[in-house]
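Chain by chain, the residues run as shown.
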Amino acid sequence: MMQEWASRGLSKFRLFIEPSFRTTDGATLIPDVVVCNSQRIIGVFELKYQPRSEASYVKDHETLNWFANGTGEVTLTNERYLGEPIDQKKYELAADAVLCWAGIYKGDQPFDATPDQASGRFLSLHGLAGNGRLPVVFPSDSQDF
């Protein structure tokens, strides 16, 4: 499998699950998924799966806004997991990095999930679940996707 990825040039990408980022004021942000190439963060994803309740997204918006505000160089750590300690790597946030919120939740209409500072590179996907009906899927509310 890795050979197949390498032949497509995909081995240059790294996928981080719930990595930690420290803000300048000492707060910790933990997005669900971060995709990096060798130098830059190219995607930050917040995911929700709450098909029996309304989606909670305030924390997700705060995280995506922090990335959208042009944080520059950030340090990514994997301190939440057990195992061998690894060096913390600094990545620059790509100017065109995709910021995405995707959720499956109970509702009749999608809410506006666009963070304040993320216009132009924000992808929002909604799967609305309801009693006695199939889920309804809504695509992005951003014009650029």
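Residues numbered from 1 in each chain as written. Predicted model: local features only at pLDDT ≥ 70, side-chain atom pairs only at ≥ 80, totals over all residues. Heavy atoms only, no water.

Once that is clear, we can look at unusual backbone geometry. The phi torsion at E18 lies on the positive side, around 50°, for a residue other than glycine. Note that E18 resides in the loop between strand 1 (14-17) and strand 2 (20-22). On the basis of relative accessibility, which here comes to 26%, the residue E18 falls in the partly exposed class. (Helix = DSSP H or I, 4+ residues; strand = E, 2+ residues; numbered from the N terminus. Buried < 20%, exposed > 50% of the residue type's maximum accessible area, 1.4 Å probe, protein only.)

Evaluated as defined, the whole model comprises 5 salt bridges. The salt bridge partner of R40 is E92, with a shortest N-O separation of 3.7 Å. Of the two residues, R40 is situated in strand 5 (residues 40-50) and E92 in strand 7 (residues 89-106); the sequence distance between them amounts to 52 residues. The closest approach of N and O atoms between R133 and D108, which form a salt bridge, is 3.5 Å. Of this pair, R133 sits in strand 9 (residues 133-138) while D108 is found in the loop between strand 7 and strand 8 (122-130), placing the two residues 25 residues apart along the sequence. What makes R133 partly exposed here is its relative accessible area of 32%. Taken together, the shared-partner salt bridges connect E46, K48, K59 and D60 into one network. (Salt bridge = Lys/Arg side-chain N within 4 Å of Asp/Glu carboxyl O.)

With respect to the helices and strands, the residue F67 is situated in helix 2 (residues 58-68). Taking the C-alpha atoms as reference, F67 lies 9.9 Å from L29; in sequence the two are 38 residues apart. Look past the residues within four positions of F67 in its chain and what remains in contact with it is F21, P31, I41, V44, L93, L99 and R121. (Contact = heavy atoms within 4.5 Å.)

With that out of the way, let us pick up helix 2. In terms of burial, helix 2 is largely enclosed, as 8 of its 11 residues are buried. For helix 2, the full list of buried residues reads D60, H61, T63, L64, N65, W66, F67 and A68.

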